[in-house]
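Now for the letters of each chain:
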Amino acid sequence: MQVPAGNLLEKINYPSDLKQLKVEELKQVCQELRQYIIDVVSVNGGHFAASLGVVELTVALQYVLNTPYDQLVWDVGHQAYGHKILSGRRDIFHTNRVYKGMSGFPKRSESVYDTFGVGHSSTSISAALGMAVASQYKGETDRQHVAVIGDGAMTAGMAFEALNHAGIENSNLLVILNDNNMSIDPNVGALKEYLTDITTSKPYNRFRDDIAHILSKISAIGPDAFKIAQKLEKSIKGTLLKRSNFFEALKFRYFGPIDGHDVEHLVKVLNDLRDIPGPKLLHCITVKGKGYALAEKDQTKWHAPGLFDKITGEIKKTKSDKPQPPKYQDVFGHTIIELAEANPKIMGITPAMPSGCSLNLMMKAMPNRAFDVGIAEQHAVTFSAGLATQGLIPFCNIYSSFMQRAYDQVIHDVAIQNLNVVFCLDRAGVAGADGPTHHGAYDLAFMRCIPNMTVSAPMNEEELRNLMFTAQQDDMGPFVIRYPRGNGVMVDWQRPMKAIKVGKGRQICDGEYVAILTIGHIGNEAVKAVAGLNNEGYFPAHYDMRFVKPLDEVLLHEVFKKFGKVITVEDGCLEGGMGSAILEFMADNNYSAQVVRLGIPDMVIEHGEQPELWADCGYDANGITNQVKLLGIARNEHIIAS
């Protein structure tokens, strides 16, 4: 649904239009831009609080920079809605995150103003530094390069690596630290405490404002005035904060902290920084959810609230008269507490997603046994490995696509040492509106090739509980449990847990002519397909494999001895996934059958609701039905044959 823009905003289609305004008019632009984001997101959904917090910064950057020639890189895309609206996409903003609509994140193929595709955090400084070095190499000395990174993203190792490198490159790079003390959940760690010290130090903030005036008085000293000024400022910072400035230790010129909601001052500062060479960091203090009181008060809840009444703040949820199945993440959250109450060895770990994966339930119930380690997936895995060496059983809950960032640690620190770390991979398979950067397409393939690894996927909530129970038994080694975003299929899910034999699948129903082999939640689409096919006179068999490693070879021998036609179905990539594993088994055992593999094809899958994407990829109930009909036997032929 199109939403009208304010008087000034409706005239701004590109940054060049914004530059025609007077500086004094930018406050009104900010008010209108903030209101426009509220109006559109309230009726269409999407990320919310982060973009509200950087409205003034966004307007100031587009006013000062010569984008797209100047390179502006946003860390993640939660904070880039204002950027998109001001760079030619206001008219399509209502399609944000909708199937075949605008991406919710910066995307190079969508606009020249999106200089770098993002979705996972902490990449902006590395990317912007690469751009800056390239410009320097090409002689483009007038080109600006700006990375806007949230303080939560600054906790990741990659951000530190980029800062460390950037400090020794004499490139034209400005890092803007958007300091709101939040990522999705509140930030954790020593860097957060350090930034808070800088922000709240009253003596430093008071003296910082006086430094320029003091130094201007000593300009008559002569050519060494600038060096003296630098030493004096560093001395004051070090004395008042009782530690040297972290960023200046990395050879960045540090500026701030400044008010990230004073657009006129931001414009002045950004204009001044254009003329200062070398790596610079501007520290801006902002409020996540700025301008919408409820979002300012509860920033985690309003990170991505869904549809809501912008007047009352009521978040609109689908209501049903009947009990509904829970989300898989909540099944995990409640089950790990049950297990931990019975097993004192169990610990919970997540990299900055406690509410997203529901580990926050354990953090509240058992605060000394559940850890949010910040946006640091590599550390989360090796920290878990360290716990495991001491006889504890860590459940390391990481979104499937985020686990890609810690692959070396999975192999080197967990698998080679055969440590009992349980990896619970949330958001496995196509993840919905977040799109390609968040789809958990590859975990079955990249986990099953690792020695010592068990790789499993539950078809429903009861199976998730049973797999979690199984994984915490003694000497299980590295254990993967992957499950999707969203709801399961069982209302009555809190049943007593029991161990599952590792590598053991199960038969859902017997049949003839065609066997359907599924793994994980997508097996429920096969159940729907089989029910419909039975009504039409087709009777395929259905098996839930449960494990892609180790495979249930007894079950597979049974299948290939009985069926000459097999369909594999997985909510994961076809290259190297379960279907590939089945073909390998067939070849290794000299079976001959017609095998059709359904799953995510070898292409980038865009954003959309999960059922839309399943259908696009051809492995929803309709896709499975069509394949059975292509391979199977028609109803009248079945009657004759019987």
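Residues numbered from 1 in each chain as written. Predicted model: local features only at pLDDT ≥ 70, side-chain atom pairs only at ≥ 80, totals over all residues. Heavy atoms only, no water.

### A short note on the overall build of the protein chain
Where we set the bar: Elements are defined by DSSP. Helices are runs of H or I of four residues or more, strands are runs of E of two residues or more, and each kind is numbered from the N terminus. Relative accessibility under 20% of the residue-type maximum defines a buried residue, over 50% an exposed one, and the middle range a partly exposed one, all with a 1.4 Å probe and only protein chains included. Throughout, a residue-residue contact means that at least one pair of heavy atoms, one from each residue, lies within 4.5 Å. Note on areas: Shrake-Rupley, 1.4 Å probe, and residue coverage restricted to the protein chains presented here.
For the protein chain, the helix and strand inventory stands at 27 helices and 17 strands. In the protein chain, which comprises 642 residues, the share counted as buried stands at 58%. Put simply, of all contacts in the protein chain between residues at least 6 apart along the chain, 77% involve residues at least 24 apart. Only carbon and sulfur atoms are counted for the fraction: they give 52% of the accessible area of the protein chain, which is about 26600 Å².

### Focus: the sheet that holds strand β10 (residues 454-456)
As a reminder, the rule being used: Think of it this way: DSSP has to see at least two bridges between two strands before they count as a pair. Lines are fitted to the C-alpha atoms to define the axes, a helix being fitted only along its stretch in contact, and any angle between axes, read from their N-to-C directions, falls within 0 to 180 degrees.
Across the sheet, which stays open at both edges, the seven strands sit in the order β7-β6-β8-β9-β11-β10-β15 with mixed pairing between neighbours. Across the chains shown, the open sheet's two edge strands, defined by having one partner strand only, are β7 (370-372) and β15 (547-549). On average, each strand axis in the sheet is tilted by 20° relative to the strand beside it, whichever way the strands run. Pairing of strand β8 (residues 393-399) with strand β9 (residues 422-426), which is carried by five bridges, proceeds in the parallel orientation. Looking at the pairing, tyrosine 399 lines up with aspartate 426 of β9.

### A look at the packing of helix α4 (residues 55-64) against helix α12 (residues 263-274)
Angle between the axes and distance between the axes: these two values describe a pair of packed helices. Rules: The labels follow the angle: roughly parallel below 35 degrees, roughly antiparallel above 145, roughly perpendicular from 65 to 115, and oblique for the rest. When the near helix sits turned anticlockwise from the far one by under a right angle, the crossing is termed left-handed; a clockwise turn instead gives a right-handed crossing.
Where α4 contacts α12, the axes come no closer than 9 Å and their chain directions differ by 45°. Relative to α12, α4 is oriented oblique. In this structure, α4 crosses over α12, and the sense of that crossing is right-handed. Residues Glu56, Leu57, Val59, Ala60, Leu61, Tyr63 and Val64 of α4 form the contact with α12, whose own contacting residues are Val263, Leu266, Val267, Leu270, Asn271 and Arg274.

### As for the sheet that holds strand β3 (residues 174-179)
Spatial ordering of the open sheet is given by β1-β2-β3-β5-β4, a layout of five strands whose pairing is parallel. The open sheet is flanked by β1 (71-74) and β4 (253-259), the only strands paired with a single partner. Between one strand and the next, the sheet's axes are offset by a mean angle of 20°, whatever the strand orientation. Pairing between strand β2 (residues 145-150) and β3: five bridges, direction parallel. Bridge pairing links isoleucine 149 to leucine 177 in β3.

### Let's talk about the side chain of lysine 280
Note the cut-off: Only four residue types enter the tally: Lys and Arg on the positive side, Asp and Glu on the negative side, with His and both chain ends excluded. We count a salt bridge whenever a side-chain nitrogen from Lys or Arg sits within 4 Å of a carboxyl oxygen from Asp or Glu.
Mapped onto the elements, lysine 280 comes out in strand β5 (residues 280-285). One buried charged residue, lysine 280, forms no salt bridge at all, with the nearest opposite charge on aspartate 275 at 9.4 Å. Residue contacts for lysine 280: discarding those within four places in its chain leaves Asn172, Leu173, Leu174, Val175, Phe252, Arg253, Phe255 and Leu273.

### A look at the nonpolar core
This is how it is decided: By convention a nonpolar core is built from buried Ala, Val, Leu, Ile, Met, Phe, Trp, Tyr and Cys residues, the set being connected through side-chain atoms within 4.5 Å.
Grouped together as the largest cluster of nonpolar side chains are 54 residues, with contacts concentrated most on Leu18, Phe48, Val59, Leu61, Ile176 and Leu282. It is helix α2 (residues 26-44) that contributes the most residues to this core, nine residues altogether. Not counting the four nearest positions on each side in its chain, leucine 18 is found in contact with Ile12, Leu26, Val29, Val59, Gln62, Tyr63 and Leu86. In terms of nonpolar packing, the next biggest core, distinct from the first, is built from 50 residues, Val381, Met403, Val480 and Ala541 among them.

### So, the pairing of β9
For β9, the tally of buried residues reaches five of five residues, placing the bulk of the element in the interior. Here β9 shows no split at all, with Val422, Cys424 and Asp426 on one side and Phe423 and Leu425 on the other all buried. With four bridges joining them, β9 and strand β11 (residues 479-482) adopt parallel strand pairing. Looking at β11, one finds that phenylalanine 423 is bridged to valine 480.

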